[in-house]
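# Structural characterization, general
Here are the chains, one letter per residue:
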Amino acid sequence: MKKLIVTTAAFAAIVATPAFAGDNMSGMNMSAKPSAAKVSSNPALTDAEIKKVDAATGMITLKHGALENVGMPPMTMAFKAKDAAMVKQVHEGDKVRVRIENVDGNLTIMRLEKQS
Ligand SMILES: [Cu+2]
């Protein structure tokens, strides 16, 4: 059963390739890739809400939206703040926008802006 699926998929790929190669649509696909890369390199901010601030450990608990750059769905969890100033800047209940990045295995809040 599994072998049949693989064979079918491979056959479909062979059939599909010449169709794209002889078509200008392949050129359009190529041009779509750089713009997608541009979006991911742009440090997009994600909406979040401050649930808890721990000045002693420098951790901020956020209820955050999807974080595409670190592959995380929306959830509530604690993040390391980039610096102490960031921890002092926010309070429980604040609506913010954040940029989370993986810094040496620690998910870190690199940017934090209060929503007005
Ligand atoms: Cu998370």
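This text follows the structure it describes.
Residues numbered from 1 in each chain as written. Predicted model: local features only at pLDDT ≥ 70, side-chain atom pairs only at ≥ 80, totals over all residues. Heavy atoms only, no water.

What follows covers the overall build of the protein. Assigned secondary structure in the protein consists of three helices and five strands. Within the span of the protein, comprising 116 residues, buried residues form 21% of the whole. If you take every contact in the protein between residues at least 6 apart in sequence, the share linking residues at least 24 apart comes to 46%. For the protein, the accessible area works out to roughly 8,200 Å², and carbon and sulfur atoms hold 61% of it. (Helix = DSSP H or I, 4+ residues; strand = E, 2+ residues; numbered from the N terminus. Buried < 20%, exposed > 50% of the residue type's maximum accessible area, 1.4 Å probe, protein only. Contact = heavy atoms within 4.5 Å. Areas by Shrake-Rupley, 256 points an atom, 1.4 Å probe, with all protein chains shown as cover.)

For the rest of this paragraph, the subject is the pattern of salt bridges. Applying the stated criterion to the full structure yields seven salt bridges. Glutamate 101 serves as the salt-bridge partner of arginine 99, at 3.0 Å between the closest nitrogen and oxygen. The class for arginine 99 is buried, based on a relative accessible area of 10%. Between glutamate 113 and arginine 111 there is a salt bridge, with its nearest N and O atoms 2.8 Å apart. Given the relative accessible area of 33%, glutamate 113 is considered partly exposed. For arginine 111, a relative accessible area of 35% corresponds to the partly exposed category. One connected set of salt bridges, linked through shared partners, spans Glu49, Lys51 and Lys95. (Salt bridge = Lys/Arg side-chain N within 4 Å of Asp/Glu carboxyl O.)

Okay, the side chain of threonine 108 next. Note on placement: threonine 108 falls in strand S5 (residues 106-114). Using a relative accessible area of 7% as the deciding quantity, one classes threonine 108 as buried. Of note is the side chain of threonine 108, whose polar atom sits 2.9 Å from the backbone oxygen of asparagine 106. With near-sequence residues (within four places) excluded, threonine 108 lies in contact with Lys80, Ala81, Lys82, Arg99, Ile100, Glu101 and Val103. (Polar contact = N/O pair within 3.5 Å; in protein donor to acceptor, adjacent residues only side chain to side chain.)

Okay, the coordination of the copper ion next. Expected angles at a metal are 109.5 degrees for tetrahedral coordination by four donors and either 90 or 180 degrees for octahedral coordination by six donors. The protein atoms donating to the copper ion are His64 (NE2), Met72 (SD), Met75 (SD) and Met77 (SD), with metal-donor distances spanning 2.0 to 2.7 Å. Each of the four donor atoms around the copper ion contributes to a set of angles spanning 96 to 120°, which defines the coordination as tetrahedral. In primary-sequence terms, the residues that donate to the copper ion follow H-x7-M-x2-M-x1-M. Methionine 72 shares its class with histidine 64; the two are buried. (Donors = N, O, S within 2.8 Å, 3.2 Å for Na, K, Ca; no water. Tetrahedral: all angles 85-135°; square planar, octahedral: opposite > 155°, others 65-115°.)

Right, let's get into unusual backbone geometry. The phi dihedral of aspartate 104 falls on the positive side, at around 50°, and the residue is not glycine. Locating aspartate 104 in the fold gives a position in the loop between strand S4 (95-103) and S5. Taking the relative accessible area as the measure of exposure, aspartate 104 reaches 78% and is therefore exposed.

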